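The primary structure of each chain is shown beneath.
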Amino acid sequence: MIACFYKQNFGIDCPGCGIQRSILSLLKGDFVQSFEFYPPLITIIILFVFSVIHLLFNLKNGANIIKWIFIIASLSIFINFVFKLIFVSDVCSLHSIGS
């Protein structure tokens, strides 16, 4: 996996830390572990899927819906980031991953 530049240089998780492990767990079919690694992935996937549907079918209110899904996804990323800063010292140590 690609090492996190932010974590290597500043010693704390970045807002996207955990997304690689989350995607790998999701591809393996382990939905619970995927959610534990990076909860905002759900909203990001919903945003991506709905954006593709809107591009293919040009939905009437699609742009507004995408805007709101984007706001929710951004808030979920921010809340996850703040939660990890306050309550979780290291995601890797929680799941026995890494060095």
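Since we're looking at a predicted model, the values are computed, not measured.

Colleague: Got a minute to help me understand the overall build of the protein in this structure?
Modeller: Scanning the protein from terminus to terminus reveals six helices and zero strands. The linear arrangement of helices and strands in the protein, starting from the amino end, is α-α-α-α-α-α. Sorting the 99 residues of the protein into buried and exposed places 26% on the buried side. Considering only contacts in the protein between residues 6 or more positions apart, those separated by 24 or more positions represent 38%. Carbon and sulfur atoms provide 72% of the accessible area of the protein, an area that totals close to 7000 Å².

Colleague: Is there a simple way to think about the pattern of salt bridges in this case?
Modeller: Any two side chains of opposite charge can pair if their charged atoms end up close together. As enumerated under the stated definition, the model contains two salt bridges in all. Taking the shortest distance from any N to any O, the salt bridge between Lys84 and Asp13 comes out at 3.9 Å. Taken as a pair, Lys84 in helix H5 (residues 62-87) and Asp13 in the loop between helix H1 (5-10) and helix H2 (19-28) lie far apart in primary sequence, 71 residues in all. Comparing Lys84 with Asp13, the two get one shared label, buried. One continuous salt-bridge network, built from bridges that share partners, spans Lys7, Asp13 and Lys84.

Colleague: Looking at this structure, how should I read the packing of aromatic side chains?
Modeller: Each aromatic ring pair is characterised by the separation of its centres together with the angle its planes make. Per the counting criterion, the structure on display carries two aromatic pairs. Taken together, a centroid distance of 5.0 Å and an interplanar angle of 55° make the contact between Tyr6 and Phe10 tilted. Here Tyr6 pairs with Phe10, and both are found in helix H1, just four residues apart, close to one helical turn.

Colleague: What exactly am I supposed to notice about the side chain of Ser34 here?
Modeller: Residue position: Ser34 is located in helix H3 (residues 31-37). What makes Ser34 buried here is its relative accessible area of 5%. For Ser34, the residues in contact, after removing those within four places along its chain, are Ser22, Ser25, Leu26 and Leu41.

Colleague: Explanation requested: the side chain of Thr43 in the structure shown.
Modeller: Along the chain, the position of Thr43 falls in helix H4 (residues 41-57). Reaching out from Thr43, the side chain makes a polar contact with the backbone oxygen of Pro40 at a distance of 2.8 Å. Not counting the four nearest positions on each side in its chain, Thr43 is found in contact with Ile69, Ile72, Ala73 and Ser76.

Calculation rules
Residues numbered from 1 in each chain as written. Predicted model: local features only at pLDDT ≥ 70, side-chain atom pairs only at ≥ 80, totals over all residues. Heavy atoms only, no water. Helix = DSSP H or I, 4+ residues; strand = E, 2+ residues; numbered from the N terminus. Buried < 20%, exposed > 50% of the residue type's maximum accessible area, 1.4 Å probe, protein only. Contact = heavy atoms within 4.5 Å. Areas by Shrake-Rupley, 256 points an atom, 1.4 Å probe, with all protein chains shown as cover. Salt bridge = Lys/Arg side-chain N within 4 Å of Asp/Glu carboxyl O. Phe/Tyr/Trp six-rings, centres within 6.5 Å; stacked < 30°, edge-to-face > 60°. Polar contact = N/O pair within 3.5 Å; in protein donor to acceptor, adjacent residues only side chain to side chain.

The quantities given are spatial measurements derived from coordinates; they are silent on function.
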